[in-house]
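# Residue-level structural notes
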Amino acid sequence: MPNVLVIQADQFRADCLGVAGNPDVRTPNLDRLAADGVRYSNAFCPFPVCTPSRYSLLSGLHVRQHGGWTNRCTLAPGIDTFPRALRRAGYRTAAVGKMHFTPTYLDVGYDRMELAEQDGPGRYDDDYHRELAAAGLAPVTDLVDQEQEFRAQASRSYWETFGSGRSNLPEQWHSTTWIGERARTVLAGWSGGTGQLLHVSFIKPHHPFDPPAGWDDLYDPATLTPLPGWTDTIPEGDRRHRREYFDYESLTRPLLQRVMALYYATITQLDHQVGLMLDLLRERGLYDDTLIIFTADHGEYLGFHHLLLKDGPMYDPVVKVPLLVKFPGGRRPGDVADALVSLVDVAPTILASCGVQPASPLPGRDLADPVAGHDCVFAETRRRLGAGGMARTERYKLLWSETAGESFFDLAADPHELTDLLDDPAYGDALGQMREAVTRWALYDATPPTYLDLSAPHRGITTEDDRAARHELFASAVAKHRTDS
């Protein structure tokens, strides 16, 4: 029974790893993990939003199959997950960090949960914010960025910097440090004789890009190179996304470089915590025989088409994710797999490595197979601008949405997705084949199960009085910060 360590980041652009060829970002520990395993260079999320993508990771199902369409949705009790399957097989299962479930402590198969949430009611229920409140602290930088109540009163500097800056919390209370420390405590308790599963999920590098003091000046903005796909202005086809979370019209190259410096700093801080976890496994003689997976729930534009964050078309930077897999026994060290893979492949890979059969057939592949991959990968979305989707092969990408219609790109000739070929007759056959692939997938390959049951009760651990008290403390801290500033 190999142990399993799943490390998840949030809003981590796939090419923001040193081992992926990024010329500036420093990720020595993740690079070392890649050297010990396989880096999947074409891994995609099934939905570029936190909770739907997380439920797909856990269940091995596409979003249309598990039915969790929003950040406020739950996972139906009848949907199996890899933690539940491992627990049935005798594994001890634990989760630390951001899960983004509804309710906060939804049972998806973890015996033990120590949570650090970011958005919504989770921050009023979770362990991290409970401890912050007990210490008289509040994550002001994060609250202003994430909570509409406080964002509506944000200072001018917040809008000018696109919400990036130094965290108001000291490093020992920053979420990245808190999550890393709790994860190491769980790893220190791993013992022989019983299989262990730990899912560690960091909040970062999700916005706000707010590394603590000591990390925030790690990168000199002037030395950073904008990533491929940066444009000096917003392309005409993306003008409707000019004002999403921020107004991106004012995003200049120097401002982008400053945002990049802080985004990279949050990544390097996260990499440091990953390194401490991996070192602990090595010290305890557990590293070689542990299945270790590093990935993210979705990506980040980071200047692509003059945009930031993730609200907009499903261009590669927001749907591609990093995916590193170190298999037990040192198999395939340093391998780079270029086949198209998806987060729905993670659950079947874990179950196969542990010798556990899924409760029902899954659409994904076991990534231990050197030839595992898909001819076409799919993603979906249901956002403010309506439902939409993506189909992507090695060469072509088809995007569609209820409000914007279709777009079609030849990635071989146009890797930055700037030229829409939908009406080009030379691509008529290729476009028709992509549309047929979507139809087959939606009607036959990704059909929803028939047993969705949302009636089962779920537990919470925080009373309304507790939430009210914590909100009062947080609101007071934000008001004081605004006055001091």
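To keep things clear, this report deals only with the structure shown in the data block. None of the values given here were measured: they were computed from a predicted structure. (Residues numbered from 1 in each chain as written. Predicted model: local features only at pLDDT ≥ 70, side-chain atom pairs only at ≥ 80, totals over all residues. Heavy atoms only, no water.)

## A word on the environment of D210
For clarity, the cut-off: What counts as a helix is a DSSP run of H or I of at least four residues, what counts as a strand is a run of E of at least two, and both are numbered from the N terminus. Working rule for contacts: check all heavy atoms of both residues, and any pair within 4.5 Å makes them a contact. Pairs of N or O atoms within 3.5 Å make up the polar contacts considered here, provided that, within protein, one atom can donate a hydrogen while the other can accept it, and that residues adjacent in sequence are counted only when both atoms are side-chain atoms.
Take D210: it is sitting in the loop between β6 (196-201) and α11 (253-283). Residues D210 and H174, 36 residues apart in the sequence, show an inter-C-alpha distance of 9.3 Å. Leave out the neighbours within four places in its chain, and D210 touches T141, D142, G165, R166, S167, H174, K204 and T266. At 2.7 Å, the side chain of D210 forms a polar contact with the side chain of K204.

## Focus on the sheet that holds strand β9 (residues 323-326)
Definition in use: At least two DSSP bridges between two strands are required for those strands to pair. Orientation is described by lines fitted to C-alpha atoms, with helices fitted over the stretch in contact, and by angles between N-to-C directions that extend from 0 to 180 degrees.
Reading across from one edge, β5-β4-β6-β1-β7-β9-β2-β10 is the order of the eight strands in this open sheet, with mixed pairing throughout. Each end of this open sheet is capped by a strand with a single partner; those strands are β5 (112-115) and β10 (335-337). Averaged over all pairs of adjacent strands, the angle between their axes in this sheet comes to 10 degrees, without regard to strand direction. Of the pairings in the sheet, the one linking strand β4 (residues 92-97) to β6 comprises six bridges and is parallel in character. Its bridge partner lying in β6, R92 is registered against Q196.

## Observations regarding empty space enclosed by the protein
If you roll a probe as big as a water molecule over the atoms, it shows you where there is empty space left. Rules: The method works on a 1 Å grid over the protein atoms by themselves. A cavity is a set of points holding a 1.4 Å probe that cannot get out, a pocket is an open set with protein on both sides within 12 Å along at least five of seven lines, and residues with an atom within 4 Å of a point line them. Grid points are joined across faces, edges and corners, and a volume is the space filled by probe spheres set on the points. Amino acids are sorted into nonpolar (Ala, Val, Leu, Ile, Met, Phe, Trp, Tyr, Cys and Pro), charged (Asp, Glu, Lys and Arg) and polar (every other residue, Gly among them).
Considering all chains together, one arrives at one cavity of 30 Å³ or more under this definition. Empty space within the largest cavity amounts to approximately 110 Å³. Among the secondary structure elements, those contributing two or more residues to the lining of the largest cavity are α6 (127-134) and α7 (140-146). If one sorts the elements of the lining of the largest cavity by residue count, α7 sits on top with three residues. Residue composition of the lining of the largest cavity, by class: five nonpolar, six polar and five charged.

What is shown is where atoms sit, not what they do.
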